[in-house]
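# Residue-level structural notes
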Amino acid sequence: MKSLVRHARRNSSQRNGPQRSRSAQRFGRQLAASLLALALAGCQLAEVKPWERDVLARDAMQSVPDPVEEYFDGHIHASREGAFGGKGIGGGGCGCN
Amino acid sequence: MQLKPPRLRQALSTAAGMLLSTTALAGAATEGSDTAELASTADDWRLDTGYLRYEEEDRIAADTLLLFARKQVAEEKFLGLRLVLDTVSGASPTGTTPLQAVSLTGSSGTAPFANFDSERMALGVDWEQPVSERSRITTKLDYSDEEGYTSRGAGLSFAHDSAQKLTTWTLGGNYTRDSTKPEGGIPAEMICLCNLVIVAPSATKSIGEVQLGLSQVLGRKTLAQFSLTHSQSWGYLSNPYKLLSVVHPITGETITTGVGGGTTVLQPYTERRPDERHSNILFAQVNQTIGRDDVLYVSARYYEDDWDIRSGTIDLKYRWQVSPTFYLQPRLRYYTQGKASFYRPVIIDGNIPAYGSADYRLAEMQGISFGIKAGWRLATDGELTARLESGQQTGDSHPDGTVGVQDQVDFFPEIDVTTFQVGYTTWF
């Protein structure tokens, strides 16, 4: 059993090695581009004074205005599609058959 | 209008906290606002409850009940509790072709669809507390259990606000360990059902995730958030219930004719996925107030992993504040994904691959859904919401890797999906 797992892990690494390297390079480029965009955006941010933060403080402007909808959506899509995660991490798994 | 700066900290903290938690943070009300705000400074508890009905036409149906509770136990300290109850039942694809022949002594489990029934319970708790004037730490525990599958997870995140409290950085990590114990045990992978071996009664899978997040106020009416997530899974990542049909290399049928003229059914194989999976996700969301009270939500997610799956998601919502106590929110979601490198519709007899799965969720697919949500504020005690969505999943009906009669099979019939949800939120 252990030898099967080791064999599979070796095969997996060998098969995935070049893919992972390309994937990591691509992700690194995307990360750099995102950080650059953020840095540029930061230079142009309008300063919002404390007395101007009324709109931002509203329930509807929160990052997650509806945690019920957020949970249901995340759980459904993670179990019916190939991709998972992105907004939050953790949160429990399932057999998802 | 009197403003409370702590409310904004909560808003940004929510943006950060939500990177790890599914519950929103408590906050003080904004007096004199044009929309009826839910909370008041005197409330300690926030309760969110919901019911979801999810249906795939002619396939599965799920009912989910959830309860989220969040309490401010002390200054800047919050306790969150989560309970979710699920039942899922119906017919799920096994992965075999619709043309799979069944031998006289063959198992009916090789049919293209198998009925199943499962009930799941999930519990979670999280604790948030400050570590300095502008930083806080959140710890999180999750547990879920259903017949044949248990999941346990723990997470930690750190959030830091800028001096003006317009920027929040978060760094979080989570570790989850799942144990699968299917009926009949864990089958050997990529093995013929005719030579089936059970290798163990159960198997484990681990998932480690790290996330870097940024929440940034871009203007008086604009909040943006970004996150980068790296995830690694390892262990038993296959599905013990999924199969692949084996087909004749010329006719494409799941039977073969012997030298003497007798026919034999080619029995399906168990699937095999790699025992590691590394993924990267880029996520961005903007909340933009339009006019006085309406809000436009735009989010995008890019996902990639070393199974070769690439996917993009766009999600648009528009909250139309019809009156101070009623809103309508249409929603459009579009999803697209490329197939996993080892996805294949069938196995060609004599050419058994190292890895393979016919699970349609790993195939090339697109999903589009439209929905409408309505929300009512009930005096100052709570909010009631109802949401209805309709969508379709479509995919590659004729993927590479088929021969003979399998060329005519539709390997991804359109799936019609309906979702209905009701929710209730209250402060007390």
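The structure we're discussing is the one just above.
In this report, we go over the structure that sits alongside the text. (Residues numbered from 1 in each chain as written. Chains lettered and ligands numbered in written order. Predicted model: local features only at pLDDT ≥ 70, side-chain atom pairs only at ≥ 80, totals over all residues. Heavy atoms only, no water.)

## A few points about the overall build of chain B
Short version of the rule: Each helix is a run of DSSP H or I of at least 4 residues and each strand a run of E of at least 2, with the numbering of both proceeding from the N terminus. Three labels apply to residues, based on accessible area from a 1.4 Å probe with only protein chains included: buried if under 20% of the type maximum, exposed if over 50%, partly exposed otherwise in between. In this description, contact between two residues means that some pair of their heavy atoms is separated by no more than 4.5 Å. In this description, accessible areas are obtained by the Shrake-Rupley approach with a 1.4 Å probe, and a residue is regarded as covered only by the protein chains that are shown.
Regarding its fold elements, chain B presents one helix and 24 strands. Counting all 428 residues of chain B, 53% fall into the buried class. Nonlocal contacts in chain B, meaning residues at least 24 apart in sequence, comprise 62% of its contacts between residues at least 6 apart. Accessible surface, chain B: about 17,700 Å² in total, of which carbon and sulfur atoms supply 59%.

## Structural notes on the packing of aromatic side chains
Aromatic ring pairs are defined here through the distance separating the ring centres and the angle between the ring planes. Put simply, the test is: Aromatic pairing here means that ring centres of Phe, Tyr or Trp (its six-membered ring) are within 6.5 Å. Orientation follows from the plane angle: under 30 degrees is stacked, over 60 is edge-to-face, and everything else is tilted. For a Lys NZ or an Arg CZ to count as sitting over a ring, it must be within 6 Å of the ring centre and within 35 degrees of the ring normal.
All chains considered together, the criterion is met by eight aromatic pairs over all chains. A ring pair is formed by Y71 of chain A and F72 of chain A, whose centres lie 6.3 Å apart and whose planes are at 65 degrees; its orientation type is edge-to-face. As far as the burial class goes, Y71 of chain A and F72 of chain A line up, both buried. Plain terms: the ring middles of W307 of chain B and F342 of chain B are 5.0 Å apart, the flat faces sit at 80 degrees to each other, and that makes the pair edge-to-face. You can see W307 of chain B sitting in the loop between β18 (294–305) and β19 (310–323) and its partner F342 of chain B sitting in the loop between β20 (326–337) and β21 (347–348), a full 35 residues away along the chain. Taking relative accessible area as the criterion, W307 of chain B reaches 1% and is therefore assigned buried. For F342 of chain B, a relative accessible area of 5% gives the class buried. Through a chain of ring-to-ring contacts, the aromatic side chains of Y71 and F72 of chain A together with F68 of chain B assemble into a single cluster. Directly above the ring of W307 of chain B sits R277 of chain B, whose terminal nitrogen or CZ lies 4.2 Å from the centroid.

## Considerations on a negative patch on the surface
Heads up, the condition is: Patch definition: residues above 30% relative accessible area lacking any salt bridge, with like charges linked at up to 9 Å and the nonpolar side chains Val, Leu, Ile, Met, Phe, Trp and Tyr linked at up to 5 Å. Just to be clear on terms, a salt bridge is a Lys or Arg side-chain nitrogen sitting within 4 Å of an Asp or Glu carboxyl oxygen. His is not counted, nor are the chain ends; Lys and Arg add positive charge and Asp and Glu add negative charge. For the purpose of locating charges, the reference atoms are NZ of Lys, CZ of Arg, CG of Asp and CD of Glu.
A surface patch of like charges, here negative, comprises D117, E119, E147 and E183 of chain B. With a relative accessible area of 56%, E119 of chain B lands in the exposed category.

## Focus on the pattern of salt bridges
Per the stated rule, a full pass over the model turns up 32 salt bridges over all chains. One salt bridge in this structure joins D359 of chain B and R361 of chain B, with 3.0 Å as the shortest N-O distance. Across this residue pair, the class does not change: D359 of chain B and R361 of chain B are buried. Through salt bridges with shared partners, one network takes in D66, E69 and D73 of chain A together with D315, K317, R331, K373, R387 and E389 of chain B.

## Describing helix α2 (residues 67–80) of chain A
Residue and element names in this part refer to chain A. Selection rule: Helix span is expected to be 1.5 Å times the residue number reduced by one. Contacts described as polar in this section are N or O atom pairs within 3.5 Å, which, within protein, must combine one atom able to donate a hydrogen with one able to accept it, while residues neighboring in sequence count only if both atoms come from side chains.
With 14 residues, α2 should reach 20 Å at 1.5 Å per residue; the first-to-last C-alpha distance of 20 Å fits that figure. Buried within α2 we find P67, V68, E69, Y71, F72, D73, I76, H77, S79 and R80. Sitting at the amino-terminal end of α2 is D66, which places a side-chain oxygen 3.0 Å from the backbone nitrogen of V68.

## Re a nonpolar patch on the surface
All names here are of chain B. A surface patch of nonpolar side chains, amounting to about 550 Å² of accessible area, comprises V298, I314, L316, L332, Y334, I368 and F370. Elements with a contribution of two residues or more to the nonpolar patch: β19, β20 and β22 (365–378). Of note, V298 is situated in strand β18.

## Quick word on the environment of I60 of chain B
Within the element layout of this structure, I60 of chain B appears in strand β2 (residues 60–74). Taking the relative accessible area as the measure of exposure, I60 of chain B reaches 4% and is therefore buried. Each C-alpha atom, one on I60 of chain B and one on S92 of chain B, is 6.5 Å from the other, the two residues being 32 residues apart in sequence. If sequence neighbours within four positions are ignored, I60 of chain B has contacts with R80 of chain A together with Y54, E55, V88, S89, G90, A91, S92 and F116 of chain B.

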